[in-house]
Amino acid sequence: MYKLNVNGTSYEIDITASESLSDVLRDRLGLLGVKVSCGEGECGSCTVLVDGKPETSCLKLGRQAEGQEITTIEGMGTYDDLHPIQEAYIEEQGFQCGFCTPGFIMATKAFLDSNPNPTEEEASEAMSGNICRCGAHPYIVKSVLKAAEKIRG
Amino acid sequence: MANNFEYLRPTTMGEAVDMKSSHGARAQFWAGGTDMMLQWKAGITDFDYCIDLTYVPDLDQIALDGDQLRIGAMATLDDLDLQSGLHPLTEALGETARMMCTKQTRTLATIGGNLCNASPSADLSPPLAAMGAQARILGPDGERTIPLTEFFTGVRKTALADGEMLTEIVVPDVGGDVAASYNRVARTVVDIALVSSAAFIKLDSSGKITKAGVALGAVAPTVVRVNKAEDLLIGCSLKEAANGVANKAGEHAIATANAITDIRASKEYRTDMTSVLTQRAIGRCVAILEGNG
Amino acid sequence: MGVHHMPKKLKVVGKDVPVLDAREKVTGALEYGVDYAVPKMVHGKILRSTIPHGRIKSIDSSKAEALPGVLGVVTHEDSPDLDWIGVWDNYRGKVLDGIARFVGDEVAAVAATTEKIAEQALALIEVEYEVLPAVLDVRKALLDDAPQVREEGNVRDEYRVVWGDGKTGEDESDHIVELEIQFKAQNYAGIGRNACICDWNGEKVTMWTSSQTPSELQSGIHQAFGIPMSSVRVVALPSGCSFGLWWSNNFMMLTAMLAKKIRKPVKIELTSQECMAAVKRRHIEITTGRMGVSNDGQITLADFSHLMDNGAYGFKTDVYFFCCDLWGGAKNGDYRVRGVSTNLVTSGCMRAVGDITMGLAVERLADMCAEKVNIDPVDFRMKNQIKSGQQLRMQEPRQHMKGTLTEYVDKLTDVQKEGWPEMFHLSSGSTHELLRQGAEKFRFKERWKGWGKPSSVNGSKHRGIGVGTGAHCCGVEFGGNTSSVVRVNHDGSVNVFSSCGRQGQGSETTLSQVAAEELGVSLDMVNIVTGDTDAMPWSSGSSASTTMFRTGWATRAAAKDAKKQILRIAAIEYFDSDDPETLDIQDGIIRSQNPEDNRNVSLEEMMNVLCSDSLAQTTVITGRPDEVMPPTIAFARQWAAQFTEVEVDVETGEIRILEFLAGQDSGTVVNPKVLKNQVIGGAICGAGFALYEGIEFDENDGRVLNDGLLDYKLLRTGDFPSDAEVFFVESPDPVGPFGARGAGESPAAAAAPAICQAVYNAIGVWVDVPMTPEAVIRALNER
C-alpha cells in the first residue's frame, strides 16, 4: 500500500507499478477534474500541484508521489465557494470547452504563488505549458492577470 | 500498452547500482520518467524492473565546488532554471532549460534523464558539450568520469555499461571570465529543437580567448563539437571573434553537420542553420563578456 | 411570416453573462465522454488496420475470446448489412464491411472486463488480408485506372458556380495572375479525446458520448442497426473542442455492436493517438486558380478549380464555398470543386471547410492582382467584395431530395414568405464596415509601406503588416434542419429543448438568452436541454454555424409561440380581454402594454392556476416553431476582417505574430464574451494553419506520422499576442434571432490570409502554408 496526500486528505492505495499518477487520481480517487488528453506531457490538461510545483501527472508514476502533497482542481474552490483564480477565469471567460481548464487553473496557481504580480508577457509565457485548442489564449492571460489582482487584494 | 513491470525503490546510489547489476538489461532506471513513460507506453522500450531513483538522496544538487560546476543527475530541468543565478554558465543552462518541454514537465524531467535518453535533439547536450562537461558514472566496479561527448555513442545509445548509472555532470574550470549561449530553431514556443548550436568562451586576463567550445544538436546521431571553429576562436579577442571569426566558425559548423531529413526539418535546412545559430551563439557569448548580454 | 420584429430594447440578448456551465468548468466538475460511467459497464477496444487497403480474407478471434475477462469480439461478420449516413451526407456505409481502407481503419472490436484485457485481446486476433492496391495521392486518385477506394468510385460530382463569361473576363483583364497551392490536411487535434458508452437493453439502445450532433447520431444508429428511432436514445455529453470532429463517428457504432452482442453497457475510450490518426481530419486540398484584374482595380476574372481528398470515408460532394460570395464583386467567375477518395484517414468538414483553404488561395491571388495595379489590400477588398443587398454568386445548392431551393420556396404561400429577404441576395453585413473600422483602429493606411515592403527592419528581423478577410454560411438547409421546443412550467420557469452541441461555443447559453428575451423572463429562469434525444426535437445539431442562426431562430419562434399561448389565456383570465396583442411579459410579469392599465399577474401565478385546473389537462405551455424559416443559405453570411503585424527572422525563417486585430460581423451580438472567444479562437485556428499545422502522411502506407502534439504543433499563449483585440460590427439580420447570425468559421478563414500577406510584406516573397521556419527559408532561397 502507498500513502498519498491529496487535497489535504491522506489515502492508502494499492497502486500498481506502472500506474500513472493521473490514473491513480482519476480511477482510484474519482478526481475526474484531473483531465488527461495527450498523455505525453504536451497539453498540460493533467497538471496537478505536487509540493506546490506544477507537474504533468500523466508522466509521473503514482508511486513516485508517495509522501508528497498533491493538489488537484478539486482541492481549489468549490462550486459555491470558488477560488479567486476560478472566479477570474469565469469573469474573463478564459476557456471555451473547459476540458483544459482545470490544468490551466492549476498552472495558474503555481505560477502566481511564485510570481504574484506578473506582467502580461510573463503570464503569457507561463501559460504556454498548457494547450487550449479552442483558442481562448488572450482571455486566459487576462484571467491570470485578473486572478493576480484578486489575490493581491 | 506494454505489460506491467516490477517497481524497485533504492534509497542509496549503491543500492541502485546493485539492483541494476543484478537484473541487467531487464531493469531500467527511472528518473523523472517523462521520456520513459512515453517510451514504455508506446512499447519502444520494455523492461521487467523499474528502478525508481526518486528516493535516492544527494543526486539533485546543483552547486559550485571550487572551479567546478556540479549538477546532480536527478536535478530537474526546473531546478536548473531556478538555479540560473548561480553562475554565468548556469545562466546559459537555465535559459536552455526554459526552452525545454513545459514548466509542468520540467518539474519532473531530470538532467540525467535527458542525457541518458540520448536523443540527438536533446537541448542540454550542446551547451554542456561546448562547456567541456564530464559525466560521472557509478558502476559495480566503482566510479569513472568521461567527457560528455564520449557519453553519447549513438541515437538513444550511451556509454553506460551494464549496472552503471550517471550520477553527476561536472563542468570543470568555470572560474574567470566565461560565457555560454545556446541557440536553436523551433516551431511554437514549446518544441523539440529542429537544429541547435551552443558556444562557450573563456577569456584569459589579457582578454584573449583561451578556451572555446562549439557544439551542434540535431544534426548528427549525437551532439558534435566543431573543433575547427573552436581552434579558430582560441587566441582571438572578443572583437575578432565577433567580426569574421564567427562567420568562419559558422562555415565549419556546416562542414561538421551530418544531418538527416525527418518530419521536423530537412537535412538541408538543418545544415544551413548550423551556421546562423553558431554565429549567434558566439555573438551572444561575446556580448555577455563585453557586458552587453 | 418567418421574420420576427426587432424590439427596441434588449434585456438579455447582448448581455455579457458568463456561460451557464462556467462554474462546472472551472471546478473540473463538468463530465465529458471520457469521464462518464454507468453501472455494470465494461470496456472495449478497437482493432485497427495495419495496411492502407485490403480485404479481410479471414479473421480468427478464438484466441482473444479465450482470454479470461474477454466478453465478446465483433467483426464485419457481426455487422448489420445496412448503410448509415453521417452529417452532411457522409456515406459511411456499413459499420464494418470486411475491407480496410486506411491504416488505422476499424477492423474488429473487443469487449472485456478491463481496458487492459481488451487491449491484450486485440493482439490475439489474427487477421489475414488480401492486400489491395492503395491510392495515397490526391491527384492519382482522380485517374481512371486508380485503385478505387469505394464502391461508388473515387470521384464525386463536381459543383460549379459560374457567373459572367470567362472569355470576356480574360479580354477585360489587364493582368492575369495564376497559382497552384496544395494545402496540407489540418488535424482537429482536439484537447479532450472522446469516449462512447452504449447500453443495448432489450430493444432500447442508449448511448452516451460527446457529440455536436446528438440527433444525427440517433439517426445513424437507427440506420446502421435498422431499429426505430423511438428505440434509440442518445445522451450527448459536452465535448472538448471539436471543430466538426465529434459528430457521429463510426467508433460509436462499434460500441453499439459490442453492446448488442454482449448485452452489457460497453465503453470505448479513444486514445489521443486514435483521435489524431484514425477518426477524421481536414481534407488535403489543391487549388488551381487564375485571377484577372483591370488597371482600375476591378477583378475581371476569377477562375478556380479546387480538389479535396475525402480520405477513406469522407463523401464531400455538393460543396460550395463562400469565398465565391465574398469576392462577389468579380465581374466573371467560375469556381469548380470536386471531392475524391483516397486510402488515407477519413476527412471531414473542419471549421471553415473550404473557406480556410480555397478562400486563402482566392485572397492570395487577389493580393497579387492588387499589387499588379498598386492598390492597397484594404481598398482592393472594398472594391471587389460583395456588399449588403447585392446578388450572391451562389445560386442553387445542387439537387437534393426536395428539389431546388427555388422550387421549394415557390411552393410556399405569400403569407408564409411575407417579409423574407430576396432570394440569393445578401441580407445583411459585409466586410466593408469591418475593413473601414479595422483599418482605422489598426492605423493601416499610415503603416502601409506598399506591397512586399516591410514596415520595419532590425537586423535579420523584418516586420510586415497584413489584412485578410473571411466568410462562411449561417447554416444550410436540407441537411441542416433544426427545431426547438420551449416549455413553460407551472412555476414560471422555462425549459428549452434543443439538439445541439456543447463543444465550448456557448450555444446553450446564447440559445437560453434568446428564449429568455423572447419570453420576457430572466435568464436564471431558463434551463436548456441540449443532449438528450428522448427530450428534444430532431435537429442536425451544431455544424456550419447552424446553431445561433437557425436553431436560435427556431428557439425564438418556439418561445414566441409559447408566449402567444400564455398571453391568450392571460387576456381572458386576468385582463377581461380577447386581445392578447395588448399584453406583454416583462421580467416574468404579464402586463398590459397600455401604461394606464396597472393590472398584472406573474407568469408563475398564471401557470400555477392553469396547472391546477384538473379539467383543462394543460399542465405546461409548450411552444414550437409554427412558421417557415427562410432558406438562410440563400441570403445570410458571416464576415470577418483581420489585421496583423508579424516579424520574420530572415536568417532562420521563424515567424512571430506581434499584433492582431479581429473584426467580426455576425449581426447582433447575443453574448459578447462568447462571441469574442469564437472570433479569437477562430483566428488562432487559422493562425495555426498558416504557421505550423499540417498532417504528415507516410509516403508508403499513408499512416499519420505526427499523431501526437509533440510533432503536431498547436499555438500556445506565448505564440499569439495576448493583447489581441476583437471589434464587432453589428449589422442586424432581418431573419436571425434578434438580428444575430453565425460566427465560428469566418474568423478562421480570415486569419491565414492576413498572416500570409503580412509575411509577404515583411520579406517580399509569398510562402505557402504552413509557413514553417524551413518553408520561409526555402521561399527566400527560391526568390
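Owing to the predicted nature of the structure, the values given are computational and were not obtained by experimental measurement.

Quick notes on the rules
Residues numbered from 1 in each chain as written. Chains lettered and ligands numbered in written order. Predicted model: local features only at pLDDT ≥ 70, side-chain atom pairs only at ≥ 80, totals over all residues. Heavy atoms only, no water. Pairing = 2+ DSSP bridges. Helix = DSSP H or I, 4+ residues; strand = E, 2+ residues; numbered from the N terminus. Axes fitted to C-alpha atoms, helices over the stretch in contact; angles between N-to-C directions. Contact = heavy atoms within 4.5 Å. Buried area = accessible area lost by both parts, 1.4 Å probe. Salt bridge = Lys/Arg side-chain N within 4 Å of Asp/Glu carboxyl O. Polar contact = N/O pair within 3.5 Å; in protein donor to acceptor, adjacent residues only side chain to side chain. Nonpolar A, V, L, I, M, F, W, Y, C, P; charged D, E, K, R; others polar. Domains from an automatic or database assignment. Buried < 20%, exposed > 50% of the residue type's maximum accessible area, 1.4 Å probe, protein only. Parallel < 35°, antiparallel > 145°, perpendicular 65-115°, else oblique. Left-handed = near helix turned anticlockwise from the far one by under 90°. Core = buried A, V, L, I, M, F, W, Y, C linked by side-chain atoms within 4.5 Å.

**Some details on the sheet that holds strand β11 (residues 195–201) of chain C**
Residue and element names in this part refer to chain C.
No. 1: Overall, mixed pairing links the 7 strands, which are arranged β3-β7-β1-β14-β11-β12-β13 in an open sheet. In this open sheet, the two strands that pair with only one neighbour each are β3 (70–74) and β13 (232–237). For this sheet the average axis-to-axis angle between neighbouring strands, irrespective of direction, equals 20°.
No. 2: The pairing of strand β12 (residues 204–210) with β13 spans 6 bridges and is classified as parallel. Looking at the pairing, Val-205 lines up with Val-232 of β13.
No. 3: Contacting β1 (42–48), β3, β7 (106–112) and β14 (266–269), helix α3 (residues 115–122) runs over the sheet at an angle of about 25° to β1.
No. 4: Packing against the sheet, helix α6 (residues 250–262) makes contact with β1, β3, β7, β11, β12 and β14, and its axis sits at approximately 35° to β11.

**Considering the interface of chain A and chain C**
No. 1: At the junction of the two partners, chain A supplies 50 residues and chain C supplies 57 residues.
No. 2: Regarding the contact of chain A and chain C, the summed buried area is about 4,300 Å², with carbon and sulfur atoms giving 55% of it.
No. 3: At the junction of chain A with chain C, the criterion picks out 5 salt bridges.
No. 4: Counting every contact that joins chain A to chain C gives 30 residue pairs in polar contact (both at pLDDT 80 or more).
No. 5: Among the secondary structure elements, those contributing two or more residues to the side of chain A that touches chain C are α2 (84–91), α3 (101–114), α4 (120–126) and α5 (137–152) of chain A.
No. 6: Here the element with the most residues in the side of chain A that touches chain C is α5(A); it accounts for 6 residues.
No. 7: Partitioned by chemical class, the residues of the side of chain A that touches chain C number 23 nonpolar, 17 polar and 10 charged.

**With respect to the domain arrangement of chain A**
All names here are of chain A.
No. 1: Taken domain by domain, chain A consists of domain 1 (2–75) and domain 2 (84–152).
No. 2: Of note, the centres of domain 1 and domain 2, computed from C-alpha atoms alone, are 21 Å apart.
No. 3: On the side of domain 2, 13 residues touch domain 1, which itself brings 15 residues to the contact.
No. 4: If you sort the residues of domain 1 by the area they bury against domain 2, Lys-35, Leu-49 and Ile-73 come out on top, with a joint share of 42%.
No. 5: If you look at where domain 1 meets domain 2, you find 0 salt bridges.
No. 6: A class-by-class count of the residues in the side of domain 1 that touches domain 2 yields 5 nonpolar, 8 polar and 2 charged.

**Some points on the pairing of strand β27 (residues 637–649) of chain C**
All names here are of chain C.
No. 1: Counting buried positions over the 13 residues of β27 gives 13, a clear majority of the element.
No. 2: Residues Arg-637, Trp-639, Ala-641, Phe-643, Glu-645, Glu-647 and Asp-649 line one face of β27 and the alternating positions Gln-638, Ala-640, Gln-642, Thr-644, Val-646 and Val-648 line the opposite face, and both faces are buried.
No. 3: Where strand β19 (residues 461–473) and β27 come together, 13 bridges link them in antiparallel fashion. Residue pairing for β27: Lys-461 is matched across the bridge by Asp-649.
No. 4: Taken together, the 10 bridges between β27 and strand β28 (residues 655–665) define a ladder with antiparallel strand orientation. When the bridges of β28 are listed, Thr-644 appears paired with Phe-660.
No. 5: The antiparallel hairpin formed by β27 and β28 contains 5 residues in its connecting segment, where Gly-653 sits at a positive phi of about 85°.

**Concerning the packing of α3(A) against α5(A)**
Residues and elements named next belong to chain A.
No. 1: One way to put it is that α3 packs onto α5 with a least axis distance of 11 Å and a crossing angle of 50°. When the axis of α3 is compared with that of α5, the two are oblique. Crossing of α3 against α5: the hand is right-handed. Contact with α3, carried on its side by Phe-104, Thr-108, Phe-111 and Leu-112, involves Ile-140, Val-144, Ala-147, Ala-148 and Ile-151 of α5 and no other residues of that element.
No. 2: Here the contact of α3 with α5 is built from residues that sort into 8 nonpolar, 1 polar and no charged.

**Looking at the sheet that holds strand β13 (residues 209–217) of chain B**
Sheets are built from strands paired through backbone hydrogen bonds, the pairs being either parallel or antiparallel.
Residue and element names in this part refer to chain B.
No. 1: Ordered in space as β11-β12-β13-β14, the 4 strands form an open sheet in which the pairing is antiparallel. Looking at strand neighbours, the two that pair on one side only are β11 (177–185) and β14 (224–225), the edges of this open sheet.
No. 2: In this structure, β11 lies alongside strand β12 (residues 195–203), joined through 9 bridges in antiparallel fashion. The residue of β12 that forms the bridge with Ser-181 is Ala-199.

**As for the nonpolar core**
All names here are of chain C.
No. 1: Within the largest apolar cluster, 147 residues are counted, with the highest numbers of intra-cluster contacts made by Phe-380, Ile-755 and Met-771.
No. 2: Counting residues per element, this core draws most heavily on helix α18 (residues 746–763), at 11 residues.
No. 3: Leave out the neighbours within four places in its chain, and Phe-380 touches Val-293, Gly-297, Ile-299, Trp-327, Ala-366, Cys-369, Ala-370, Val-373 and Ile-375.
No. 4: Listed in part, the 106 residues of the second largest apolar core include Ala-195, Phe-251, Cys-685 and Leu-714.

**Section: the interface of chain B and chain A**
No. 1: Taken together, the contacts link 28 residues of chain B with 27 residues of chain A.
No. 2: For the pair chain B and chain A, the summed buried area comes to about 2,100 Å², and 56% of that belongs to carbon and sulfur atoms.
No. 3: Inspection of the chain B/chain A interface yields 2 salt bridges.
No. 4: Between B:Arg9 and A:Glu66 there is a salt bridge; the shortest N-O distance is 2.4 Å.
No. 5: For the pair chain B and chain A, the interface holds 15 residue pairs in polar contact (both at pLDDT 80 or more).
No. 6: Among the secondary structure elements, those contributing two or more residues to the side of chain B that touches chain A are β1 (6–8), α2 (34–41), β3 (49–52), α3 (77–82) and α5 (103–106) of chain B.
No. 7: Counting residues per element, the side of chain B that touches chain A draws most heavily on α2(B), which supplies 5 residues.
No. 8: Partitioned by chemical class, the residues of the side of chain B that touches chain A number 12 nonpolar, 9 polar and 7 charged.

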